[in-house]
Amino acid sequence: MDVKEGLKKFAAEATTAFNRAVQFTEEKLGKTEKTEYDAHFENLLQKSDHTRLWTERIVKQTETLLQPNPGARMEDFVYDRVWDKKRERQTNTEKLGQLMNDAGQDFGTGTSYGNALVKCGQAQHQLGTAEKDLMMSALNNFLTPLKNFLEGDMKTVMKERKFLEAKRLDLDACKNRMRKAKSSATQANAETDLRKAQSDFDRQLEIAKLLLEGISSSHAHHLRCLSDFIEAQTRYYAQCHQYMTDLQTQLGSYTVPNENAEDESNKDDENSKRKSSSSSPFLNNSDQSTSTLASKTGKLEFPRKARILYDYEAADSSEISLSADDIITVHERAGEEYVIAEKGPHRGKVPIAFLEIWND
């Protein structure tokens, strides 16, 4: 008995599916009429389609913004969906900060460059932490609600729309059978099927309409999520600006280090250079402090030739930029740490620590 009932149910479902396929094909070929929805319902359907399309695109692009590396996104997806856990990873900014800190420690925090590297590394680490806070806030307050909407409400809407389309096909198929019926018995059966199909269609239409009208309330919720996301971005960029301003202030307090601040290996290199160039007409003063150079220039008569020891970038319009091994003409002293020098058509201040002044 159960087998017969199962076969009857299967046959009925197969017949229904076949009738729907026939009705759909004839509609596409323009051989039969179809039930049209009213303008209000069509607008609801269009709004639903646009909401689903743009929400999916926004979610995808936001994920790309927060994690540009597609491989890392896939790895996070596997951890989240397969193993149901989050993986802690360093941001690129934090990695850079760690490298700067390690380099600074290696050079020595007692040197200006090493200390500056450590401070830069700390600032990069702060930027990385702020970036993680932004990612977490965006995930919890923006991405997750939008994904839940797509996986929950929107899937329900699409499922009910699919049911509605099936009911419409059934209704139109019944209308076609009603028009084609010739005998009274056939007409009676077709009319009964038509009334049932119309009732099912109307009921499903109301269900779909209620769900589609709920899209507007979803938009209001998405607007709140969007506001939270923009607030998180504003907070993140404000933090980044503050960290960089503080770092710039700290770095501005550094002056160009003299040769005594370098390590012993550099001193050995300079000693070997002095031995190999003992017959040079230059003053070998690269191992002297700025104050020693200043006292030496005070005893010299100007103008004199000098060689540039290191590349130098002018800090303002009163200085001139120079490259290592350039030969310049020194005209006069300009305070304790600078001289007025000339190179070609350019004239301006140059730090004494960057010069090797000729004796003759």
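As the structure is a computational prediction, the values presented were derived from the model and not from experiment.

Rules and cut-offs
Residues numbered from 1 in each chain as written. Predicted model: local features only at pLDDT ≥ 70, side-chain atom pairs only at ≥ 80, totals over all residues. Heavy atoms only, no water. Helix = DSSP H or I, 4+ residues; strand = E, 2+ residues; numbered from the N terminus. Buried < 20%, exposed > 50% of the residue type's maximum accessible area, 1.4 Å probe, protein only. Contact = heavy atoms within 4.5 Å. Areas by Shrake-Rupley, 256 points an atom, 1.4 Å probe, with all protein chains shown as cover. pLDDT = per-residue confidence, 0-100. Pairing = 2+ DSSP bridges. Axes fitted to C-alpha atoms, helices over the stretch in contact; angles between N-to-C directions. Core = buried A, V, L, I, M, F, W, Y, C linked by side-chain atoms within 4.5 Å. Parallel < 35°, antiparallel > 145°, perpendicular 65-115°, else oblique. Left-handed = near helix turned anticlockwise from the far one by under 90°. Patch = residues over 30% accessible without salt bridge, like charges linked within 9 Å, V, L, I, M, F, W, Y side chains within 5 Å. Salt bridge = Lys/Arg side-chain N within 4 Å of Asp/Glu carboxyl O. Polar contact = N/O pair within 3.5 Å; in protein donor to acceptor, adjacent residues only side chain to side chain. Phe/Tyr/Trp six-rings, centres within 6.5 Å; stacked < 30°, edge-to-face > 60°. Lys NZ or Arg CZ within 6 Å of the ring centre and 35° of its normal. Expected span 1.5 Å × (residues − 1).

K.L.:
How should I be thinking about the overall build of the chain in this particular structure?
P.N.:
Secondary structure summary: the chain contains ten helices and five strands in total. Counting all 360 residues of the chain, 32% fall into the buried class. Within the chain, counting contacts between residues at least 6 apart in sequence, those at least 24 apart form 65% of the total. By element, 53% of the accessible surface of the chain is carried by carbon and sulfur atoms, the whole surface being about 22800 Å².

K.L.:
What's the story with the confidence of the model for the chain in this structure? I'm lost.
P.N.:
Where the model shows low pLDDT, its predicted coordinates should not be examined in detail. Here the chain shows a mean pLDDT of 80. Residues at 70 or above account for 74%. Mean pLDDT per element in the chain: helix H10 (residues 290–299) is the minimum at 45, and helix H2 (residues 39–66) is the maximum at 94. For the stretch residues 257–265, pLDDT sits under 50, and the model shows twelve contacts to residues farther than four places along the chain or on other chains. Segment residues 273–298: pLDDT under 50, and 44 contacts once partners within four positions in sequence are set aside and those in other chains are kept.

K.L.:
Which parts of the structure should I look at to understand unusual backbone geometry?
P.N.:
Most peptide bonds adopt trans geometry, and most residues besides glycine take a negative phi value. The backbone phi angle of Asp-325 is positive, close to 75 degrees, even though this residue is not glycine. Its location among the elements puts Asp-325 in the loop between strand S1 (304–308) and strand S2 (327–333). We classify Asp-325 as exposed; its relative accessible area is 51%.

K.L.:
For this particular structure, what's the right way to read the sheet that holds strand S5 (residues 355–357)?
P.N.:
If you walk across this open sheet you meet the five strands as S4-S3-S2-S1-S5, and the pairing is antiparallel. Pairing within the sheet leaves two strands with one partner each, and these edge strands are strand S4 (346–351) and S5. Mean inter-strand twist for the sheet, computed between neighbouring axes without regard to direction, equals 45 degrees.

K.L.:
Please clarify how the nonpolar core should be interpreted in this entry.
P.N.:
Across soluble globular proteins, you tend to see nonpolar side chains buried next to one another. In this structure, Tyr-37, Phe-41, Met-154, Leu-164, Phe-201, Leu-205 and Leu-212 are the most contacted members of the largest nonpolar core, which totals 26 residues. When contributions to this core are tallied by element, the ones reaching two or more residues are H2, helix H5 (112–151), helix H6 (153–180), helix H7 (184–213) and helix H8 (215–252). When near neighbours in sequence (up to four residues on either side) are disregarded, Met-154 contacts Ser-48, Thr-51, Arg-52, Phe-149 and Ile-215. Grouped together as the second largest cluster of nonpolar side chains are twelve residues, Ile-320, Val-330, Val-350 and Ile-352 included.

K.L.:
Explain the packing of H6 against H7 to me, please; I cannot follow it from the model alone.
P.N.:
Helix-helix packing: each pair is described by the crossing angle between the helix axes and the interaxial distance. Contact geometry for H6 and H7: axes closest at 8 Å, N-to-C directions at 160 degrees. Classified by the interaxial angle, the pair formed by H6 and H7 is roughly antiparallel. In this structure, H6 meets H7 at a crossing whose hand is left-handed.

K.L.:
Help me understand a nonpolar patch on the surface in this model?
P.N.:
Together, Leu-53, Trp-54 and Ile-58 give the surface a local cluster of nonpolar side chains, amounting to about 290 Å² of exposed area. Tracing the chain through its elements places Trp-54 in helix H2.

K.L.:
Got a minute to help me understand the environment of Ser-183 in this structure?
P.N.:
Tracing the backbone shows Ser-183 in the loop between H6 and H7. Engagement of the side chain of Ser-183 in a polar contact is seen with the side chain of Thr-186, the distance being 2.6 Å.

K.L.:
How should the pattern of salt bridges be read in this particular structure?
P.N.:
Pairs may arise between side chains of opposite charge once their charged atoms sit close together. For the structure on display, the rule yields 13 salt bridges. When the shortest N-O distance is used, the salt bridge between Arg-168 and Glu-165 registers 2.7 Å. In this pair, Arg-168 and Glu-165 are both assigned in helix H6, three residues apart and thus about one turn of the helix distant. Residue class for Arg-168 comes out buried when judged on its relative accessible area of 1%. Each of Glu-165, Arg-168 and Asp-172 takes part in a single network of salt bridges with overlapping partners.

K.L.:
How should the side chain of Gln-124 be read in this particular structure?
P.N.:
Here Gln-124 shows up in helix H5. By relative accessible area, which is 14% here, Gln-124 ends up buried. For Gln-124, the residues in contact, after removing those within four places along its chain, are Thr-93, Glu-94, Leu-96, Gly-97 and Met-100.

K.L.:
Where do I start with the pairing of S2 in this structure?
P.N.:
Successive residues of a regular strand alternate their side chains across the two faces of the sheet. Bridge count between S1 and S2: four bridges; the pairing is antiparallel. Its bridge partner being in S2, Arg-307 is matched across the sheet by Ile-327. Two strands pair when backbone bridges link them, and S2 and strand S3 (residues 338–343) are joined in this way by four bridges, in the antiparallel orientation. In the sheet register, Thr-329 faces S3, and the bridge partner there is Glu-342. Connecting the antiparallel pair S2 and S3 is a turn made up of four residues, with Gly-335 showing a positive phi of about 90 degrees.

K.L.:
Is there a simple way to think about the packing of aromatic side chains in this case?
P.N.:
Here the distance between the centres and the angle between the planes together describe a pair of aromatic rings. Counted by the stated rule, this structure contains seven aromatic pairs. Joined through ring pairs, the aromatic side chains of Tyr-37, Phe-41 and Phe-201 make up one cluster. The cationic tip of Lys-349 hangs over the ring face of Tyr-338; the distance from NZ or CZ to the ring centre is 5.0 Å.

K.L.:
Quick question: what am I supposed to make of the side chain of Ser-137 here?
P.N.:
Mapping Ser-137 onto the fold places it in helix H5. Not counting residues within four places of it along the chain, the set of residues in contact with Ser-137 comprises Phe-142, Ala-232 and Arg-235.

K.L.:
Which parts of the structure should I look at to understand H7?
P.N.:
Relative to the 44 Å expected for 30 residues at 1.5 Å per residue, H7 spans 43 Å between its end C-alpha atoms, a close match to the ideal helical length. Regarding H7, the residues found buried are Ala-190, Leu-194, Ala-197, Asp-200, Phe-201, Gln-204, Leu-205, Ala-208, Lys-209 and Leu-212.

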